[in-house]
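These are the residues of each chain, in order.
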Amino acid sequence: MAFSQETIDQAWRRAGGKCECTLKNCGHSGRCNKVLDPQNSTSGKKWHAHHVVSQEAGGSDGFSNCLILCVDCHENTGSYGG
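What comes next is a walk through the structure. (Residues numbered from 1 in each chain as written. Predicted model: local features only at pLDDT ≥ 70, side-chain atom pairs only at ≥ 80, totals over all residues. Heavy atoms only, no water.)

Description of the overall build of the chain
Looking only at helices and strands, one finds two helices and two strands in the chain. From first element to last, N terminus to C terminus, the chain shows the α and β order α-β-β-α. Its C-alpha atoms give the chain a radius of gyration of 12 Å, near enough to 12 Å, the size a compact globule of 82 residues would have. Projected onto its principal axes, the C-alpha positions of the chain cover 30 × 25 × 20 Å. (Helix = DSSP H or I, 4+ residues; strand = E, 2+ residues; numbered from the N terminus. Rg over C-alpha atoms; globule rule 2.2 N^0.38 Å.)

This is the structure in structure tokens:
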């Protein structure tokens with residue numbers, strides 16, 4: 001399964017159009033806050049909807065398990081691509 005468009009839209013509104021990453025290994029202090037492209041088409045401002053708890057580990061496709069992350073931050077998660 002994957003996130004529904006409604007869940008992604010809710011997460012996008014919560015994120016305020018900015019990356020929600022707080023991972024220390026990404027090199028930013030606190031939240032990333034990179035401004036993202038709402039249409040997800042501009043290079044350098046693209047984003048992904050990320051499962052906080054991976055589906056393989058039993059994570060849901062619900063709103064509380066969805067973060068909006070810039071591609072750079074998403075690639076730094078332990079579960080990216082897996």
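Description of the environment of Ala-15
Residue placement: Ala-15 occurs in helix H1 (residues 5-15). When the C-alpha positions of Ala-15 and Cys-32 are compared, they lie 11 Å apart, and in sequence the two are 17 residues distant. Not counting the four nearest positions on each side in its chain, Ala-15 is found in contact with Glu-20, Arg-31 and Ile-68. (Contact = heavy atoms within 4.5 Å.)

Section: the pattern of salt bridges
On inspection of all chains with the given rule, the structure shows two salt bridges. For Arg-14, the salt bridge goes to Glu-20, with nearest N and O atoms at 2.8 Å. Residue classification places Arg-14 among the partly exposed residues on the basis of a relative accessible area of 34%. With a closest N to O distance of 3.2 Å, Asp-72 and Lys-34 form a salt bridge. Linking Asp-72 in helix H2 (residues 71-75) with Lys-34 in the loop between H1 and strand E1 (47-51), this pair joins segments that are 38 residues apart in sequence. Residue Lys-34 is classed as partly exposed on the basis of its relative accessible area, which comes to 26%. (Salt bridge = Lys/Arg side-chain N within 4 Å of Asp/Glu carboxyl O. Buried < 20%, exposed > 50% of the residue type's maximum accessible area, 1.4 Å probe, protein only.)

A few points about the pairing of strand E2 (residues 66-70)
Across the five residues of E2, four count as buried, placing the element largely inside the fold. Pairing geometry for E1 and E2, over five bridges, is antiparallel. Considered in E2, the bridge of His-51 is made with Cys-66. (Pairing = 2+ DSSP bridges.)

A short note on the nonpolar core
With 15 residues, the main nonpolar core has Cys-19, Cys-21, Leu-36, Trp-47, Ile-68 and Cys-73 as its most contacted residues. Secondary-structure elements contributing two or more residues to this core are H1 and E2. (Core = buried A, V, L, I, M, F, W, Y, C linked by side-chain atoms within 4.5 Å.)

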